[in-house]
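Each chain, letter by letter, is given below.
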Amino acid sequence: MADETETYDLSREQELRIEVGHGQLVQVILQDGTAEIFGTEIAKGASVKLPGGKHALFTWSGASVDVKGVYEECYVASETPMVEYVNISSVLDERRNVAKSDSTKEMNGPRVALVGPTDVGKSTLCKLLCNYAVRKGWSPLFVDLDLGQNNIGPPSTIGAVQVDRALDATDGFVNLTDLPLVYFHGDTSPGNNPDLYKHLVEKLSTMVDQRGNTNPDSRSSGLVLNTMGWVDGAGYKLLLHALDAFKITDVLVVGQDKLHAGLARDFRGKTQFATKTPVQVWQVKKSGGVVERSPQFRRQTREAVIKSYFYGADGELSPSSTSIEFGKVSIFKIGSGPRAPSSALPIGQKTSADPLRVTTVAPSMALLNSVLAVSHGKTTGEIPNTNVAGFIFVTEVDMVNKKLTYMSPTGGGLPSRNLITGTLKWIET
Ligand code: ATP
Ligand code: MN
């Protein structure tokens, strides 16, 4: 709690867990020994800033760590599943080696998916597995299909990025060389337009395959796929669709026996790729450090992610404000909003809404505070099929002078005049 520096001495394989509230900041300094944050090694003497969130600093060999700042919780844990996690990582490395030395080029590296209900540590394990692969010289592709808490793009997106160096301990996937490939769904949950979600998942997987075909390194490194925490009913169907679209070879189920049993049953006898290797469904231990996050904490996290998109994680970007005439941009919406359940329609009549239909949105006050995607799509037809260049948010709609004012992270003109709106809003605080 206090603002003074406290020193924690960790023995081998212990973990220091720190819960920082939104708006709080903690600094940790490794004074002695070795330590890593979800697989990212931290340098001795360097100050690592931990923003609002739940963090853990693990040591394989022992460490002395200084902690300074305001936090909600800070304690040392001796029980962690880290040994199990490195073992998994070694098995995957072995498969990468096999793929790399295969002269027929038919073998692919492991395509691993992390699945499980909310708050089991899926996203954290993705980071860890990517980092451990990078530390062994691989550069896996990280794919995040979680619209709610995406680690690559802002909320309401799915994306992929090649991880060619250890992730930043606090900024995560932001500071990589590769430019992320991002698709905009428009909603923080796929429920209102699951068909659009499936469509975008397929688009992303096709792009990922094309890259794998041209880049041998990425082919043998394989991929790490993060999925959403909605795992029953329609969510389970979307999950199966995603695992199939990405030709997943290994499903890592975290923290739910029922889900593991269901997936093991559904994948029994299934093989992946020309190699005819059976899809493996693993059961993975949930870390005791994983903290349940309230809907409010999740909302705050989403807001923090949007803020750091525009301002940078350390406020290093200075977004500029631009006014533009309504006529200079086209604003589109994909899908026709929530569909009436088929039970509400006369028997035999299908819902007429086309989930991929693109409609033009006339500028109105409803756009105020909207986060809009800037599409690479050049025609209406291309809008639902194309990745996005970036995002802007609308700070003012002037109906009298027919102008809107927006902020963009880099300032200046838009790379495209085609914008997509969804339900994503952000109010600057
Ligand atoms: P969601 O379903 O919301 O996507 P998830 O399954 O991806 O959740 P994570 O986001 O990985 O779960 O973990 C939940 C929270 O617990 C995160 O804030 C993460 O930083 C934290 N966490 C994970 N592992 C640990 C740990 N060992 N010690 C402390 N905090 C941890
Ligand atoms: Mn997650």
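Residues numbered from 1 in each chain as written. Chains lettered and ligands numbered in written order. Predicted model: local features only at pLDDT ≥ 70, side-chain atom pairs only at ≥ 80, totals over all residues. Heavy atoms only, no water.

Re the packing of helix α1 (residues 82–101) against helix α2 (residues 122–135)
For clarity, the cut-off: Throughout, an axis means a line fitted to C-alpha atoms (over the contacting stretch in the case of helices), and angles, computed between N-to-C directions, take values from 0 to 180 degrees. Under the scheme used here, helices are H or I runs from DSSP no shorter than 4 residues and strands are E runs no shorter than 2 residues, and both carry numbers assigned from the N terminus. Throughout this description, any angle smaller than 35 degrees is read as roughly parallel, any larger than 145 degrees as roughly antiparallel, any in the 65 to 115 degree range as roughly perpendicular, and the remainder as oblique. When the near helix sits turned anticlockwise from the far one by under a right angle, the crossing is termed left-handed; a clockwise turn instead gives a right-handed crossing. The contact definition used throughout considers only heavy atoms, calling two residues in contact when any of these lie within 4.5 Å. When residues are sorted by character, Ala, Val, Leu, Ile, Met, Phe, Trp, Tyr, Cys and Pro go into the nonpolar class, Asp, Glu, Lys and Arg into the charged class, and all the rest, Gly among them, into the polar class.
Contact pair α1 / α2: the axes reach a minimum separation of 10 Å and the direction vectors enclose 50°. With respect to each other, α1 and α2 are oriented oblique. Crossing angle aside, the handedness with which α1 passes α2 is right-handed. Across from Met82, Tyr85, Val86, Ile88, Ser89, Leu92, Asp93 and Arg96 in α1, the residues of α2 making contact are Leu125, Leu128, Leu129, Tyr132 and Ala133. Looking at the contact of α1 with α2, its residues break down into ten nonpolar, one polar and two charged.

A few points about the site of ligand 1
As a reminder of what qualifies: Nearness is defined per residue: one heavy atom within 4 Å of the molecule or strand is enough. Counted as a polar contact is a pair of N or O atoms within 3.5 Å, where, for protein atoms, one must be capable of donating a hydrogen and the other of accepting one, and residues adjacent in sequence contribute only when both atoms are in side chains. All accessible-area figures derive from a Shrake-Rupley calculation using a 1.4 Å probe, and residue coverage is judged against the displayed protein chains alone.
Taken together, 20 residues are adjacent to ligand 1, and Lys54, Lys122, Thr124, Arg293 and Arg298 come closest. Taking Glu15, its side chain carries an N or O atom lying 3.0 Å from a nitrogen atom of ligand 1. Taking Gly289, its main chain carries an N or O atom lying 3.1 Å from a nitrogen atom of ligand 1. Look at ligand 1: alone it shows 630 Å² of surface, and the protein chains cover 93% of it. For the shell around ligand 1, the secondary structure elements donating two or more residues are β2 (14–20), β7 (53–59) and α2. For the shell around ligand 1, the class distribution of residues is five nonpolar, seven polar and eight charged.

Brief notes about the pairing of strand β14 (residues 223–226)
Look at any regular strand and the pattern is simple: side chains alternate between the two faces of the sheet. Put simply, the test is: The rule is simple: take the accessible area with a 1.4 Å probe, protein chains only, and divide by the maximum for that residue type; under 20% is buried, over 50% is exposed, in between is partly exposed. Pairing between two strands requires that DSSP report at least two bridges joining them.
Taking every second residue as pointing to the same face, both faces of β14 are buried, with Leu223 and Leu225 on one and Val224 and Asn226 on the other. Pairing geometry for strand β10 (residues 111–115) and β14, over four bridges, is parallel. Each bridged residue has a counterpart across the sheet, and for Arg111 the counterpart in β14 is Leu223. Sheet topology places strand β11 (residues 141–144) next to β14; four bridges connect them, and they run parallel. Bridge pairing in β14 places Leu141 opposite Leu223.

Focus on α2
To be explicit about the condition: To estimate how far a helix should extend, the number of its residues minus one is multiplied by 1.5 Å.
For α2, which comprises 14 residues, the first-to-last C-alpha distance of 20 Å matches the rise-based estimate of 20 Å (1.5 Å per residue) to within 8%. Taking burial as the measure, the 14 residues of α2 include ten buried ones, the bulk of the element. Along α2, the positions that sit buried rather than exposed are Lys122, Leu125, Cys126, Leu128, Leu129, Cys130, Asn131, Tyr132, Ala133 and Val134.

Examining the packing of aromatic side chains
To keep it simple, the criterion reads: Put simply, two rings from Phe, Tyr or Trp (the six-membered ring, in Trp's case) pair if the centres are within 6.5 Å, and we call them stacked under 30 degrees between planes, edge-to-face over 60, tilted for the rest. Charge-over-ring contacts are defined here by two conditions on Lys NZ or Arg CZ: a distance within 6 Å of the ring centre and an angle within 35 degrees of the ring normal.
If you walk through the whole model with that rule in mind, you get eight aromatic pairs. Taken together, a centroid distance of 4.2 Å and an interplanar angle of 15° make the contact between Phe142 and Phe173 stacked. Remark: Phe173 occurs in the loop between β12 (157–162) and β13 (181–184) and Phe142 occurs in strand β11; sequence separation between them is 31 residues. Relative accessible area serves as the criterion here: at 5%, Phe173 is assigned to the buried category. Three or more aromatic residues joined by ring pairs make a cluster, and in this case those are Phe184, Tyr309, Phe310, Phe391, Phe393 and Trp426. The residue whose ring lies beneath Lys54 is Phe297, and the NZ or CZ to ring-centre distance is 4.2 Å.

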